[in-house]
Structures are given as structure tokens and as C-alpha cells.
Amino acid sequence: MSDTLLEVQGLKKYFPIRGGILRRVVGHVKAVDDVSFSVKKGETFGLVGESGCGKSTTGRTILRLLEPTEGKVLFDGVDVASLSTRQMQKTRRDLQMVFQDPFASLNPQMTVGELIEEPMKVHNLYSPEERKKKVIELMETVGLDPVYQQRYPHEFSGGQRQRIGIARALSLKPKLIIADEPVSALDVSIHSQVLNLLQDLQKEFGLTYIFIAHDLSVVKHISDRVGVMYLGRMVEIAPKNELYNNPAHPYTEALLSAVPIPNPRLKRERIVLQGDVPSPANPPSGCAFHPRCPKAFDRCKVERPQLQDMGNGHYVACHLFANEESKAV
Ligand code: SF4
């Protein structure tokens, strides 16, 4: 039996740009542009990149909260894009999302008990009495005192609200949780509490995670493997230690150079990237990173690099490592 839970193949998500009086399509924002990767059962796959690189859109397209423009998303061997609305509703129980801003994703007019019960109600699971019991269990599981179930989201701290969001996601017993920047809206002092909770839940329930973040230091704590995205494309994938110890892509090197080293005697030279991330509506030719890359050379301006297999599960899309035409999944 395959140990792969999710396989993303050539995923694209383009948003049309309309212009003129007739609002004709005059171009596309290529938010996700031919992204491929797989996630094993029980694994945490970190997805990293600057804001606007397409990592959140990738997560939402996998869940079909956005319809893919092209490509396949195989979940447990079934192409999610081919499912009818009804079949998708069933599958969605297995695929849940934890959002960045727990406050914005929780209805302020519902009590915490109602919020945690809601997904079970929507999916018609359990009797009302059983659901009440489940709410208490779930609150205890995520470290919230069930006596507070009649309170409203605004009466909780940011970290507690994220625990409510996690309890909602867990209520349907999912197999895969896509956590979209789950700690970036929270105070740094409670990052590790939420990350430790996610890790404990993973062990307890055998969960698989895609953990989206803009910060490589957050992803390091929790991931088994990491994929780095730039302007809608995957530029490097590697097991965590391999990526942090031997980054290959100049963009990954730059991101890593901004991560503080815990040992004050060790210093890392900070690579400051010039310019902003270009618009995905009009990406640069060749390697999209070339206008900002300190190592760019002529070929980079004209030819788009494909992911190359470097061995040991390490893939990189950069002409510096080009040997033969190969594309990794
Ligand atoms: Fe830099 Fe060229 Fe590699 Fe792109 S292909 S990352 S521009 S060296």
C-alpha cells in the first residue's frame, strides 16, 4: 500500500485579469504555476515563501476552496478535481484547514461550543447529545476549559482562538490539515505553544500536515520536508535538515540567511535581496528569480529552470545545478 496521502501534479491556478468596456480577459495572474509535490501519511510538509508567492492559493486549491485551472490533486489516490459537489463534501471531512487569522475565521455571534459543534452539524454527524460530548472532548484535547463553551470568540486571547480553530478542524477527524500561517497572527511568545499542540495532535491522531509559512524558522520546528515557492512555482524541495544545512537555490539561501542562529558565536552573512517580488501577472522571463538573484547569468534570463533531482530527496530548480532534463514530483 502506498504511503503517499497527497500528490499534487502540475497544479495551476490562474486568475483572469479583465479590462476594457467589455471586461474581456486581457491577461492572467499566475498565482500557482505548475506546482508538483507529494506528502506522505503522517508527514508534515512545510510550504514556504514570501507573501504573494502562491503558497496559500496552493493550499486553497488543494482543498478546492478554489477551482484549479489545470493539474491534478490526488488524495488517497482519488483526483479531488474530478469529484462532484456531493462527493467533494464527503471528502472535505478528511481535508481541513486552519486559518491564519483565528478571529476573522470565527463567527463572532456564535459561542465557542456552537463554533466547535458547527462542522459536525453541517456534515450531519452524531446525535445532538453526542455532539455536546464531542465539544467537551475537543475543548479538552486542544487545552481549553470546557466551562468556557458559552463564551464568545472575542473573550479569548489570540492563542486560545487558534485553539478553537484547531478544535473545529479536528471535529471531523480529518486525515490532512492544511495550516495556513497558523501562528503568524499570534504573539511570538505563544508560537511554540500552538506548534507543540499541533505536533502532539499529529502523534495522537496520526494527522498529516501541510504547514504554510513565510518564515523558515517557524517551518523548521515542525516540518519533515520543506518546499520553497517563488512567484507561483516550486524552486526547491528537500528534507528539513538537508534544506537547512545545504540550501541549493539562491532564493532559499537568502531566506535562510535571515533566520537567526541560536548560537551567538556563530554568524551568518545576511543576503539582502534587491527589489520586490515581481507581479505574477507579468513574471520575468526565464527564471522568474533572475532580476533579484545575486548569481544570475545569461541563461537565466531566457530559460526557465525545471526541478532537478539532486539525490537524497533534494530537488532544485536552478541552472547552477542543471545536468540533464528532468522534472521531479
Ligand atoms: Fe539565480 Fe539563475 Fe539559478 Fe534562477 S536559475 S536562481 S537566476 S542562478
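The coordinates are above.
Attention here is on the structure that accompanies the text. All values derive from a computational prediction rather than experimental measurement.

**Topic: the site of the ligand**
- If you check the shell around the ligand, you find His249, Pro250, Cys287, Phe289, His290, Cys293, Lys295, Ala296, Cys300, Cys318, His319 and Leu320 and nothing else.
- For the ligand, the cavity whose grid points lie within 2 Å of the majority of its atoms is the second largest cavity.
- Tallied by class, residues from the shell around the ligand come to eight nonpolar, three polar and one charged.

**A few points about the nonpolar core**
- Counting 58 residues, the largest nonpolar core has Ile116, Ile166, Leu170, Phe211, Leu216, Val226 and Tyr251 as the members making the most contacts within it.
- In this structure, Ile178, Ile212, Ile237 and Leu307 belong to the second largest nonpolar core, which totals 30 residues.

**What about the packing of helix H3 (residues 112-122) against helix H4 (residues 128-141)?**
- Taken N-terminus to C-terminus, the directions of H3 and H4 make an angle of 120°; their axes are 9 Å apart at the nearest point. Pair H3 / H4 crosses with right-handed handedness. Between H3, through Val112, Gly113, Ile116, Glu117, Met120 and Lys121, and H4, the contact on the second element is made entirely by Arg131, Lys132, Lys134, Val135, Leu138 and Met139.
- The class makeup of the residues in the contact of H3 with H4 is six nonpolar, one polar and five charged.

**Comments concerning the side chain of Asp180**
- Looking at the secondary structure, you find Asp180 in strand S7 (residues 176-180).
- When its relative accessible area of 3% is taken as the criterion, Asp180 is described as buried.
- Looking at Asp180, its side chain comes within polar contact range of the side chain of Ser56, at 2.9 Å.
- Sequence-distant contacts of Asp180, that is, excluding residues within four places in its chain, are made with Ser56, Arg60, Met97, Val98, Phe99, Gln100 and Ile212.

**Some thoughts on the sheet that holds strand S5 (residues 78-79)**
- Strand order in this open sheet of four strands is S2-S1-S4-S5, and the pairing throughout is antiparallel. For this open sheet the edge positions go to strand S2 (24-40) and S5, each flanked by a neighbour on one side alone.
- Both strand S1 (residues 4-19) and strand S4 (residues 70-75) contribute to a ladder of five bridges, which runs antiparallel. Looking at the pairing, Gln9 lines up with Lys72 of S4.

**Description of empty space enclosed by the protein**
- Within this structure, the stated rule accounts for two cavities of 30 Å³ or more.
- The volume enclosed by the second largest cavity comes to roughly 80 Å³.
- Cys287, Cys293, Cys300, Cys318 and His319 are, among the 13 residues lining the second largest cavity, the residues nearest its centre.
- Here the residues of the lining of the second largest cavity sort into ten nonpolar, two polar and one charged.

**With respect to the sheet that holds strand S12 (residues 315-316)**
- Taken together, the eight strands give an open sheet; going across it, the order is S6-S7-S8-S3-S9-S10-S12-S11, and neighbouring strands pair in mixed fashion. Both outer strands of the open sheet, strand S6 (95-98) and strand S11 (308-309), are each paired with one neighbouring strand and no more.
- Of the pairings in the sheet, the one linking strand S3 (residues 44-48) to strand S8 (residues 208-213) comprises five bridges and is parallel in character. Paired with Phe45 across the two strands is Ile210, which belongs to S8.
- Packed on one face of the sheet, helix H1 (residues 55-62) meets S3, S6, S7, S8 and strand S9 (225-230) and runs near 150° to S8.

**Re the environment of Gly158**
- Structurally, Gly158 is set in helix H5 (residues 158-170).
- On a C-alpha basis, the gap between Gly158 and Ala296 in space is 42 Å, while along the polypeptide they are 138 residues apart.

**Side note on the packing of H5 against helix H6 (residues 191-205)**
- At a minimum axis separation of 11 Å, H5 and H6 run at an interaxial angle of 20°. Here H5 lies roughly parallel to H6, going by the angle between them. You can see that H5 and H6 cross each other, and the crossing is right-handed. Along its contact with H5, which presents Gln162, Arg163, Ile166 and Leu170, the element H6 presents Gln193, Val194, Leu197, Leu198, Leu201 and Phe205.

Conventions we followed
Residues numbered from 1 in each chain as written. Predicted model: local features only at pLDDT ≥ 70, side-chain atom pairs only at ≥ 80, totals over all residues. Heavy atoms only, no water. Near = heavy atom within 4 Å. 1 Å grid on protein atoms, 1.4 Å probe; cavity = no way out; pocket = protein on both sides within 12 Å on 5 of 7 lines; lining within 4 Å. Sits in = over half its atoms within 2 Å of the grid points. Nonpolar A, V, L, I, M, F, W, Y, C, P; charged D, E, K, R; others polar. Core = buried A, V, L, I, M, F, W, Y, C linked by side-chain atoms within 4.5 Å. Buried < 20%, exposed > 50% of the residue type's maximum accessible area, 1.4 Å probe, protein only. Axes fitted to C-alpha atoms, helices over the stretch in contact; angles between N-to-C directions. Helix = DSSP H or I, 4+ residues; strand = E, 2+ residues; numbered from the N terminus. Left-handed = near helix turned anticlockwise from the far one by under 90°. Contact = heavy atoms within 4.5 Å. Polar contact = N/O pair within 3.5 Å; in protein donor to acceptor, adjacent residues only side chain to side chain. Pairing = 2+ DSSP bridges. Points joined across faces, edges and corners; volume = space filled by probe spheres on them. Parallel < 35°, antiparallel > 145°, perpendicular 65-115°, else oblique.

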